[in-house]
Structures are given as C-alpha cells and as structure tokens.
Amino acid sequence: MKKELFLGNEAVARGFWEAGCRFVSSYPGTPSTEITEYAAEYAEMDCEWAPNEKVALEAAYGAAVAGARSFCGMKHVGLNVAADPLFTASYTGINAGLVVAVADDPGMHSSQNEQDSRHYARASKTLMLEPADSAECRDFAAAAFALSEAFDTPVLLRMSTRVSHSRSLTETGSRAEIPLRPYEKNPGKYVMMPAMAQKRHVLVEERILRQRAWAETCAFNRAEYHDKSIGVICAGINYQYAREALGERASYLKLGCVYPLPERLIRDFCAACGAVYVAEDLDDCIEQHCKSLGLEVHGKDVFPRVGEFSQSILRRAILGEELPAGALDLAVPARPPVLCPGCPHRGLFYVLKKRKIFVSGDIGCYTLGALAPLESMDTCVCMGASISGLHGHNKADPENAARSVAVIGDSTFMHSGVTGLINIAYNRSNSVVIILDNSITGMTGHQQNPTTGITLKGDPTAAVSLEKVCEAVGIRRVFVVDPYDLSATEEALTQALAAAEPAVIISRRPCALLKYVKPKPSLRVDPEKCTGCRACMRIGCPAISMKNKYAAVDPTQCVGCGVCVQLCRFGAVT
Amino acid sequence: MNNTSIMIVGVGGQGTLLASRLLGAALLSQGYDVKVSEVHGMSQRGGSVVTYVKYGQAVASPIIDRGEADIILAFEQLEAARWLPYLKPGGKLIANTQTIDPMPVITGAAAYPDGIFPALRAAGADLRELDALSLALQAGSARAVNVVLLGALARQLEIPRGVWETAVQTTVKPQFAEMNLRAFARGYEA
C-alpha cells in the first residue's frame, strides 16, 4: 500500500470518508478547522459550516438519528458551546454513528485558554479516542463510527495542535458505502424528559461499564515492552515525545482510548515496570485514575501543569538529561502576530484609541488590536462576550455607555453575538456595538459564514443582512462605515455614542487577504516632505518603518490602503 | 536511527509552509519516514513562524527542540537569531539577508539588533548567508523568496536535483512553475 503525507486533520477527514460518513457540520476553530475543509473536498459527504458549535453538533446529531453516519468538528472551547447537546446525546445514544472531534491547544498557540477536553468525556460519559499521528487519525476516525454504533453513543475524537497540524505517512483505502439506517420512532430513547431520561441514565451507566471492560483488550490500547526499569503511560502526541526522548530505554503503555480508562491493563503495566511515569500535558486525568487504583506513579510531581510538552521536557524530567545548545549574545526583540498590511480593522482601532474608548473585545483577528501600538481593547473572554459583557458593564456603570463600544467580527456575531444584541435591545442598555464585517471568517483562514452568501462547498446561498438583523431585534440606529475612511468612522462613532439609545456601527470592508481584493500600488514616502514626526507609525502597519529617521514604506508589503496617508499632515505619503 | 532535523523559520506570510511542503514531498519520494509540523492560525499573522521537518528510518516526535536541529533555514535575519538555540552545536544555518522589522521595533519599544551574522558565527553556527530577495527578483517575483531558499537548502542535502525540480513542478500552480524553477536554480547555485 502506497503511503502519502497527510496532515493530521486531513487524515481524520479521510478516515471518516472511508467509513461512509455522509454528513458533516462544524464551526471553524484552530487547530480543528482543516478537518472540515478537507472533508468538503469529498463529493459523497454533505459538509457545512454551522453558525456555532452547538448548532453544528445538533445538526450532526439529527443526521445521525436520521440514520446517516455524521461528524462534527470544533476546537476545545467550541465544546463548551456544544456541551449542552453532547451531554444529552450521550443519554439518547444515536442511530447511525456520530463522531465529534475536539482539538485541544496545549501551549495556546491560537487560543484563549488551555482547557483539557478529556474532562468532557468523563463528565458526559462519552467514549474518547486520541490518535498520536496521521495514520492513527485516519484509523481512529474510521473506527469511531463502528464504536459509536456498537455502544450506541456519540464518540469523541480528541485531537491536539501537534497531531492536527503535523504531516506524517498514512495509508488510504476506499470508501465503504453504508446505507441509511432506518429511523424508528422511539420516544423512550429520543425524547429526553424526566421519565424517559431517568431510564436512559441507567443505560448510560451500564454502557460505561461495558466500555471499561472493552478498554482492557481493545486494539487502541497497547503495552510496548523494552527496558522495564522505566515505564511511561501516555496517549496522543505525548507518546511521540516519550519515544523520541527515551527510545528503547523505557517501556510504554500507549492509550488510544483515553475515556474510559482500563484498570487491569494499567495494573499489569505498573507491576511489570520499575518507576512508572504518566506523561500527559494539561491536566492529570490518567495520573488521577492510576492513583485511584492505589498505584504509585509519577506525574505532575515531575512534569509541568502549564504549556505543551516536548521530548526535552520528558528527557529532563525522567532522565535528568539536557542537550547542549548554542547561546547567542544578542537581545532578540519579540515578533508578535500583527494585523496585516491593509487590514480593515486597523483604521477602526486607530479611531477608538484616539478617542480613548473602552473596548469590550471578542475572538478573532481583531483581538490583535489589543497589542501596541493600537492597544484598543479592554476585555476579551470568549465568542460573543464583547456584546453581552458590555451590556453588563454599562448596567453597572451607566456613565461608561457614552465612552464604550463592543467590537465583534461578522462570523463571531453570527456565532453568539446576536443573542447579546437582543439582550441589549430587550433589557435597554445604552450600548454601542461595532460589527467588524470583513466578509469572511478571518482568523481561522477564510471560512465562509452565514453573512457571506456562500456555503462551505462554494455554492451561492442566502446571506444574512446584518443591518436588517440589527433593526429586527430592536436597534433603531445602524450606521455603516468604511474603516479605511478615518473621518467618516470617527463621525459615526461620535453620533452613535451621543444618543441615549443603543446603536450598531457596521465597519464594512473585505479582508485584505481575500483573493478578489486586488491590492493597489504601493504607497511611497517623499523624503523631501517627511519630517520624521512618526504620526504614520501610530497605526502599527508592518509595511511602514523608520529608516534613517524618516518613514519608509516596504513595497513588498504595502497594499495601498491609504490609512497612513490620512495621518500625514505634510502630504509626504502618496 | 539517525534522523535528520530541519527547521524552516521566518515571518508569517513569507511562504515557509510551501517550502516545508516541497521539502516533505522531495524526502518522501526518497523513501524516508517523514514528519512535517506546521503552524496555522494566529501565529501566521506576521508573527514569528517555524516549521519542523524530520526524516530518517522512523521519526517519532514531529517537533524539534533546543539543540536538536541539524539545519536551520532562516527566511529573515532576526528569526535566524531567535531560533539559533535550536541548532545542534556545529549545525548548519542557511540565512536570508533580508530584514523585516517586528512590531516592537516599528513602535520604537525595541531596536533591531546590529551584527546578527557575526554573532551567529561567534555562537558556533556554520553560517551560509544569501540575498534571497534579490535572487527571487532576478527570477521574476519577490514572492519566490521561499523557493530560492529551498534551492539553497537542497544543495546541502543528498537528494538529486531533479527530484526537487519535480517537487516544485508538481506543487506550484502551472503558470508559476517556470518562474519557481528559475528561483530554485538561483538558490541552488548561489
């Protein structure tokens, strides 16, 4: 069988396509996004971006009940949003297989927290598999459907940044065409009201016992014995780190099923090995399980609780060894991510900073507006919290309303901003919301959303009118501005904040990275006119820098947006 | 099990991902076990980006840690300095002479350091520098900096030149193939 290099996320999509999956509904979120993007390339699967993870999981659940093998993917914080259907879908079980991929982000490469999704498996009493490379991504994704149907449960597939975003060798197979399983009306199974749910809970507890027995012998869990003086219990990417650090100097219990955890398998492994280490980043789920069995293992006593692991961390903690590395006698400035040249958010954040506005922020590219030199964000918690948080802030401190806004992207507004806006209108806070409509879901790499008028498969569809939604929920004052026009943007802000009623400003300009947005010729600085006043530096454009005390525009980066031109009092940028 | 570890480092938007994919494809065609670890999401927005490529008999971890890289291919001077501690003592460092100011330098909060290349040599790196931007412009596009640098890296690896050229041809869009092959040649022969 020929092997190919597959991204972990690509291999997941391949696996469930081969398993006959028919329906996919997801919401994008790093590092999970590409699973669904790759899935959409297979004609046999109906693939959608849902407005949020809760809708996505409910849609996938509905399709599974209808008898189609179905999939839903999201990042770790997305599962917080989708937790509601997950917990009760665990009670009803499914009809055809339902697999939910959840991608954790240890180290927070692109996330607002470092939560460990394994807690959800335990809390919702749902089986969870965790692959360690792309080959396992494909195999586990495919096997998860059969497991889902065998145990009548949704199955969680836990991914992590390094597994999702690494390419490794994978075999491929052909697709199994699986007919729809007939749906049969069964309120005792599918209608979760107290009398029925009480009976279903009993079945869920019995199911976990059966799964626990299965976990003792399943092919996903395996012991690899080499030198037995050191034993390492691990799952997912940490297995790769352990193998890299220790090679055959240790034995391994590699767990592919991370919930429920086996008992006898772990006892036997601990009995066979000398010192046993549980190598798991984030929380101590496996370690606590071992300790509940009365086993003596090392875990968070030697490994960090914060951040992602690596082979060096394991090598140091277990062997006390450190590799020699070169050291540089030079101060190296950090290079944080920045708003791109031509980003439509830049002009808006410049105006907000100039006016010293309190900014209730949200999740997206525009969260970068919090960084210097724009520094125009006061809070950022989770999707949608900009709007609902601002409402609470203004209720507690009504004087804040005249100098505060919420900022939220078009996709995030669809995800969970609109309910917050309804709350502002309904409960009457004098709040101003700015929707940064860049016509795409930007941060995760350009996914369509309900405002763009295009589906995941690239077909035209109905587009939500942001103006009409705002009006329909009871916002009477809706302004639309082009954020490249600084004075118009500032004027709209002044008007919106002046009135004693809520308002929405739609800051509308497509993302500069979209293919159909053609860059204008690069601007240039006239060295005769530039006084070196640094006014143009205040917008934090990566295309502008100071060279020999005067401003200079990098022609390889500049897209000619013209925001800096409006800041130059000397007409030096043209 | 002597695996080779290569890091490709640069600034988001410079095309490090394409370079790592081409490298992965070329290595795969030679029958190696290969792992490529990429960065997606927030770090791509003009931030410091790093891609790990490892190959050999059997590769376990997809990432490269301090002191583990046999070769670092740096798309920008400051990034060469940032990732130097990841180079094995005596490892090869191929660095583009291009400089891109990071935001702390643009805002005036920090200075772009002088004398990066002498400092890298003083730290023991086997440094090979090239002006990939000029070579890319000679080949026909500033955007081909990544393929120029891949050419310079290819010269250091024991894979026939034709394998690389096939990888370039099959990975980039047909209308850009000729220009990218020119860019590859500029880097390879630099």
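Cut-offs and rules
Residues numbered from 1 in each chain as written. Chains lettered and ligands numbered in written order. Predicted model: local features only at pLDDT ≥ 70, side-chain atom pairs only at ≥ 80, totals over all residues. Heavy atoms only, no water. Helix = DSSP H or I, 4+ residues; strand = E, 2+ residues; numbered from the N terminus. Rg over C-alpha atoms; globule rule 2.2 N^0.38 Å. Buried < 20%, exposed > 50% of the residue type's maximum accessible area, 1.4 Å probe, protein only. Contact = heavy atoms within 4.5 Å. Areas by Shrake-Rupley, 256 points an atom, 1.4 Å probe, with all protein chains shown as cover. Lys, Arg positive; Asp, Glu negative; His and termini not counted. Charge placed at Lys NZ, Arg CZ, Asp CG, Glu CD. Pairing = 2+ DSSP bridges. Axes fitted to C-alpha atoms, helices over the stretch in contact; angles between N-to-C directions. Arc of directions from axis to C-beta. Buried area = accessible area lost by both parts, 1.4 Å probe. Salt bridge = Lys/Arg side-chain N within 4 Å of Asp/Glu carboxyl O. Nonpolar A, V, L, I, M, F, W, Y, C, P; charged D, E, K, R; others polar. Domains from an automatic or database assignment. Polar contact = N/O pair within 3.5 Å; in protein donor to acceptor, adjacent residues only side chain to side chain. Parallel < 35°, antiparallel > 145°, perpendicular 65-115°, else oblique. Left-handed = near helix turned anticlockwise from the far one by under 90°. Phe/Tyr/Trp six-rings, centres within 6.5 Å; stacked < 30°, edge-to-face > 60°. Lys NZ or Arg CZ within 6 Å of the ring centre and 35° of its normal. Core = buried A, V, L, I, M, F, W, Y, C linked by side-chain atoms within 4.5 Å.

K.L.:
I keep staring at the overall build of chain A and nothing clicks. Help me out?
P.N.:
The secondary structure content of chain A amounts to 18 helices and 20 strands. A compact globule built from 574 residues would reach a C-alpha radius of gyration of about 25 Å, and chain A, at 26 Å, matches this within 12%. Per-residue burial over chain A gives 59% buried out of 574 residues. The long-range share in chain A, meaning contacts at least 24 apart out of those at least 6 apart in sequence, stands at 75%. When the accessible surface of chain A is totalled, it reaches about 22400 Å², and 54% of it is carbon and sulfur. In chain A, 60 positive and 63 negative side-chain charges are present, and the distance between their average locations comes to 4 Å.

K.L.:
Whenever I open this one, the sheet that holds strand E5 (residues 87–96) of chain B confuses me. Can you help?
P.N.:
Strand order across the open sheet formed by eight strands is E1(A)-E8(A)-E2(B)-E3(B)-E1(B)-E4(B)-E5(B)-E6(B), with mixed pairing between neighbours. The sheet is open, and its two edges are formed by strand E1 (3–7) of chain A together with strand E6 (126–130) of chain B, each paired on a single side. The mean inter-strand angle of the sheet, taken between neighbouring strand axes irrespective of direction, is 20°. The pairing of E1 of chain A with strand E8 (residues 166–171) of chain A spans five bridges and is antiparallel. Note that in E8 of chain A the partner of Leu-7 of chain A across the bridge is Arg-167 of chain A. Contacts from helix H1 (residues 16–29) of chain B reach E1 and E8 of chain A together with strand E1 (4–11), strand E2 (33–37) and strand E3 (48–56) of chain B within the one sheet, and its direction differs from that of E3 of chain B by about 5°.

K.L.:
I tried to follow helix H7 (residues 161–171) of chain B on my own but got confused; where do I start?
P.N.:
In an α-helix there are 3.6 residues to a turn, and that puts residues three or four apart on one side. Residues of H7 of chain B that are buried: Val-163, Trp-164, Ala-167 and Val-168 of chain B. For H7 of chain B, the arc enclosing every buried residue in end-on projection is 135°, short of the 170-degree limit, so these residues lie on one face.

K.L.:
Would you take a moment to explain the interface of chain B and chain A for this structure?
P.N.:
Interface size, as often reported, equals the accessible area lost upon joining of the parts. On the chain A side, the residues contacting the 58 residues of chain B number 58 residues. Carbon and sulfur atoms supply 60% of the area buried between chain B and chain A, which totals about 4600 Å² over both sides. For the interface between chain B and chain A, the tally reads six salt bridges. Here Arg-315 of chain A and Glu-68 of chain B are joined by a salt bridge, their closest N and O atoms 3.0 Å apart. Elements that contribute at least two residues to the side of chain B that touches chain A include exactly H1, E2, E3, helix H2 (77–83), E5, helix H3 (103–106) and helix H4 (116–122) of chain B. Broken down by element, the side of chain B that touches chain A gets its largest block of residues, five residues, from E2 of chain B. Grouping the amino acids of the side of chain B that touches chain A by side-chain chemistry returns 32 nonpolar, twelve polar and 14 charged. Sheet analysis places E8 of chain A next to E2 of chain B, joined by two bridges and oriented antiparallel. By the bridge assignment for E2 of chain B, Arg-167 of chain A is matched with Val-36 of chain B.

K.L.:
Hey, could you run me through the domain arrangement of chain A in this one?
P.N.:
Residues and elements named next belong to chain A. For chain A, the assigned domains are domain 1 (3–217), domain 2 (221–319), domain 3 (344–508) and domain 4 (518–574). Taking only C-alpha atoms, the centre of domain 3 and the centre of domain 4 are 28 Å apart. Looking only at domain 3, the three residues that lose the most surface to domain 4 are Arg-346, Tyr-350 and Tyr-484, adding up to 65% of its buried area. Where domain 3 touches domain 4, the interface holds four residue pairs in polar contact (both at pLDDT 80 or more). At the level of elements, helix H14 (344–354) and helix H18 (486–498) are the ones that each hand at least two residues to the side of domain 3 that touches domain 4. For the side of domain 3 that touches domain 4, the leading source of residues is H14, giving three residues.

K.L.:
I would appreciate a short explanation of the packing of helix H5 (residues 132–139) of chain B against helix H6 (residues 145–154) of chain B in the present structure.
P.N.:
For any two helices packed against each other, the geometry is given by the interaxial angle and the distance between the axes. Residue and element names in this part refer to chain B. Closest axis-to-axis distance for the H5/H6 pair is 8 Å, and the angle between their directions is 110°. As summarised for this structure, H5 and H6 are arranged roughly perpendicular, according to the angle between their axes. Crossing of H5 over H6 shows right-handed handedness. Each of Ala-132, Leu-133, Leu-135 and Ala-136 in H5 lies in contact with H6, whose residues at this interface are Val-145, Val-148 and Leu-149.

K.L.:
Mind showing me how you'd approach the packing of aromatic side chains here?
P.N.:
Aromatic ring pairs are described here by two measures, namely the spacing of the ring centres and the angle between the planes. Residues and elements named next belong to chain A. If you walk through the whole model with that rule in mind, you get 15 aromatic pairs over all chains. Ring plane angle 85° and centroid distance 4.9 Å describe the contact between Phe-140 and Phe-220, whose orientation is recorded as edge-to-face. Of this pair, Phe-140 sits in helix H6 (residues 134–151) while Phe-220 is found in the loop between helix H9 (194–217) and strand E9 (221–224), placing the two residues 80 residues apart along the sequence. Here Phe-140 matches Phe-220 in class, with each residue buried. Within the aromatic cluster, the residues linked to one another by ring pairs are Phe-140, Phe-151, Trp-214 and Phe-220. Residue placement shows Lys-228 over the ring face of Tyr-225; its charged tip is 4.8 Å from the ring centre. Here Lys-254 stacks its cationic end above the ring of Tyr-239, 5.8 Å away from the centre of that ring.

K.L.:
I'm lost on the environment of Pro-341 of chain A in this one. Help?
P.N.:
Residue and element names in this part refer to chain A. Structurally, Pro-341 can be placed in the loop between helix H13 (311–319) and H14. Pro-341 sits in the buried class, given a relative accessible area of 17%. Each C-alpha atom, one on Pro-341 and one on Cys-561, is 8.1 Å from the other, the two residues being 220 residues apart in sequence.

K.L.:
Even after reading the chapter, I still don't get the nonpolar core, so can you show me in this structure?
P.N.:
For soluble globular proteins, the rule of thumb is that nonpolar side chains tend to be buried together. By size, the foremost hydrophobic cluster in this structure holds 85 residues, and its most contacted members are Phe-16, Phe-71 and Val-232 of chain A together with Met-7 and Leu-93 of chain B. Broken down by element, this core gets its largest block of residues, seven residues, from H6 of chain A. Residues contacting Val-232 of chain A, with those up to four places away along its chain left out, are Ala-242, Leu-246, Ala-250, Ser-251, Tyr-252, Leu-253, Phe-269, Tyr-277, Ala-279 and Ile-318 of chain A. Of all hydrophobic cores here, the second largest spans 66 residues; its members include Tyr-350, Ile-435, Ala-551 and Val-563 of chain A.

K.L.:
Any chance you could explain the environment of Gly-62 of chain A here in plain terms?
P.N.:
All names here are of chain A. For Gly-62, the location among the structural elements is in helix H3 (residues 53–66). A relative accessible area of 37% means that Gly-62 is categorised as partly exposed. Counting along the chain gives 32 residues from Gly-62 to Ile-94, while the straight-line C-alpha distance between them is 9.0 Å.

K.L.:
Please explain the pattern of salt bridges as it appears in this structure.
P.N.:
Pairing of side chains with opposite charge becomes possible as their charged atoms draw close. All names here are of chain A. One pass over the full model with this rule turns up 47 salt bridges over all chains. Ionic pairing is found between Asp-268 and Arg-264, a salt bridge with its closest N-O pair at 3.8 Å. Separated by four residues within a single helix, Asp-268 and Arg-264 lie in helix H11 (residues 264–272), roughly one turn from each other. By relative accessible area, which is 43% here, Asp-268 ends up partly exposed. Among the charged side chains, a network of salt bridges with common partners joins Asp-104, Asp-116, Arg-118, Glu-130, Arg-158 and Glu-280.

K.L.:
I keep staring at the environment of Pro-483 of chain A and nothing clicks. Help me out?
P.N.:
All names here are of chain A. With respect to the secondary-structure elements, Pro-483 resides in the loop between strand E17 (477–481) and H18. Classification of Pro-483 as buried rests on a relative accessible area of 1%. Each C-alpha atom, one on Pro-483 and one on His-289, is 54 Å from the other, the two residues being 194 residues apart in sequence.

K.L.:
Please explain the sheet that holds strand E2 (residues 23–26) of chain A as it appears in this structure.
P.N.:
Hydrogen bonds between backbone groups are what pair the strands of a sheet, and the pairing can be parallel or antiparallel. Residue and element names in this part refer to chain A. Spatially, seven strands are ordered E3-E2-E4-E5-E7-E6-E12 in an open sheet, and the strand pairing comes out mixed. Edge positions in the sheet fall to strand E3 (46–49) and strand E12 (257–259), since each of these pairs with one other strand and no more. Averaged over all pairs of adjacent strands, the angle between their axes in this sheet comes to 25°, without regard to strand direction. Sheet topology places strand E4 (residues 70–75) next to strand E5 (residues 98–104); six bridges connect them, and they run parallel. Considered in E5, the bridge of Cys-72 is made with Val-100. Of the strands in this sheet, E4, E5 and strand E7 (155–160) touch helix H4 (residues 76–92), which is tilted by about 135° from E4.

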